[in-house]
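# Report on the structure
Spelled out, the chains give:
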Amino acid sequence: MPRTGYVSLIGRPNAGKSTLLNRIIGEKVAIVSDKPQTTRNRILAVKNYPEGQIVFVDTPGIHRPMHRLNVRMVDTAVETLREVDVIVLLFDASTKPGHGDEFVSNLLTDLKTPAVLVLNKIDLVAKAKLLPLIEKAQGWHDFAAIVPLSAATGDGVERLEKVLLELLPEGEPGFPQDYLTDQPERTFVSETVREKVLQHTRAELPFSTAVAVDQFDESEREHMLRIYCTISVEHDSQKPIVIGRGGEMIKRIGTDARRDLEAFFETKVFLDLRVKVNPDWRNDERALDQLGVPKSKPRRRR
């Protein structure tokens, strides 16, 4: 009997969840950046094995929310904990454990769902420091397994997949063999553009940047997609950062995004990018709805 089920990837921002997901799936289904809080939505991706099927759920990093955007992001991550068969908690092994890591691990306290601790980024850690970290991590929670790995290099990832398959319940696959992800094409476009903004602009800018797809013209899809997007920033001073001197930065962002989109859609892409100032959009419920950021589910009163 095959094993099949849902596995949630949780952890603090910049723990490497999206990098791990892309490594496992073998295709880019989630954008990545060295900036924290990159993932804003829940991302579902499916991988099939001879032994069964794993449905991975990548979630936003769990952190102290400062805006309505952050509240929605954190709620999205926490809500998945009771909806999956196995939980994978990622910890950046190249950093020292802090109060944030303790908070995340405490979320598992009352759950009966088996949890696996992944010590990621071991390629950045001396082996002599890894064993004491594993010993300390054993006191955080009664983990079903602790797996050191590097999502960047792939070292240890196959072992994690085997551990997860062993923990999943028996059952027939719920998705067809050719199913990859639940991300709509428009979402993939907006996230690809946002990834390039993250890569090319200053560190203080990405947190207040959003990308909306205004028009997705596929009337001539076999020959060309025509896509029009708006990049929103919160302050007037941020707009010239995205545009750059003589439009140099926006051209660079567009060129890199178009290259990825053409590879994904396997056709030529005309990409038009515009920048506008949208003050305090991170606290604007309507703006968050338009950007597709999931709403928090109503909490039951006790």
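In what follows, the structure referred to is the one given above.
Residues numbered from 1 in each chain as written. Predicted model: local features only at pLDDT ≥ 70, side-chain atom pairs only at ≥ 80, totals over all residues. Heavy atoms only, no water.

## Digging into the pattern of salt bridges
- Taken as a whole and judged by the stated rule, the model has 13 salt bridges.
- A salt bridge links Asp92 to Lys121, with the nearest nitrogen and oxygen atoms 3.3 Å apart. One end of the pair, Asp92, is in strand E4 (residues 86-92); the other, Lys121, is in the loop between strand E5 (115-120) and helix H4 (127-137), with 29 residues separating them in the sequence.
- Its relative accessible area of 12% is what places Asp92 among the buried residues. (Salt bridge = Lys/Arg side-chain N within 4 Å of Asp/Glu carboxyl O. Helix = DSSP H or I, 4+ residues; strand = E, 2+ residues; numbered from the N terminus. Buried < 20%, exposed > 50% of the residue type's maximum accessible area, 1.4 Å probe, protein only.)

## Remarks on the packing of helix H6 (residues 185-200) against helix H8 (residues 248-265)
- The geometry of H6 relative to H8 is characterised by a closest axis approach of 9 Å and an angle of 140 degrees between their N-to-C directions. In terms of orientation, H6 lies oblique with respect to H8. Where H6 crosses over H8, the handedness of that crossing is right-handed. Across the interface between the two elements, Glu185, Phe188, Val189, Thr192, Val193, Glu195, Lys196, Val197 and His200 of H6 pack against Met249, Arg252, Ile253, Asp256, Ala257, Asp260, Leu261, Phe264 and Phe265 of H8.
- For the contact of H6 with H8, the residue count by class is 10 nonpolar, 2 polar and 6 charged. (Axes fitted to C-alpha atoms, helices over the stretch in contact; angles between N-to-C directions. Parallel < 35°, antiparallel > 145°, perpendicular 65-115°, else oblique. Left-handed = near helix turned anticlockwise from the far one by under 90°. Contact = heavy atoms within 4.5 Å. Nonpolar A, V, L, I, M, F, W, Y, C, P; charged D, E, K, R; others polar.)

## Description of the sheet that holds strand E8 (residues 224-233)
- If you walk across this open sheet you meet the 3 strands as E7-E8-E9, and the pairing is mixed. What marks the edges here is a single partner per strand, and that holds for strand E7 (210-217) and strand E9 (268-277). Taken pair by pair, the neighbouring strands of this sheet meet at an average axis angle of 20 degrees, ignoring direction.
- Note: E8 against E9, 10 bridges, orientation parallel. Bridged to Ser232 within E9 is Lys276.
- Set on the sheet, H8 makes contact with E7, E8 and E9; between it and E9 the angle comes to about 140 degrees. (Pairing = 2+ DSSP bridges.)

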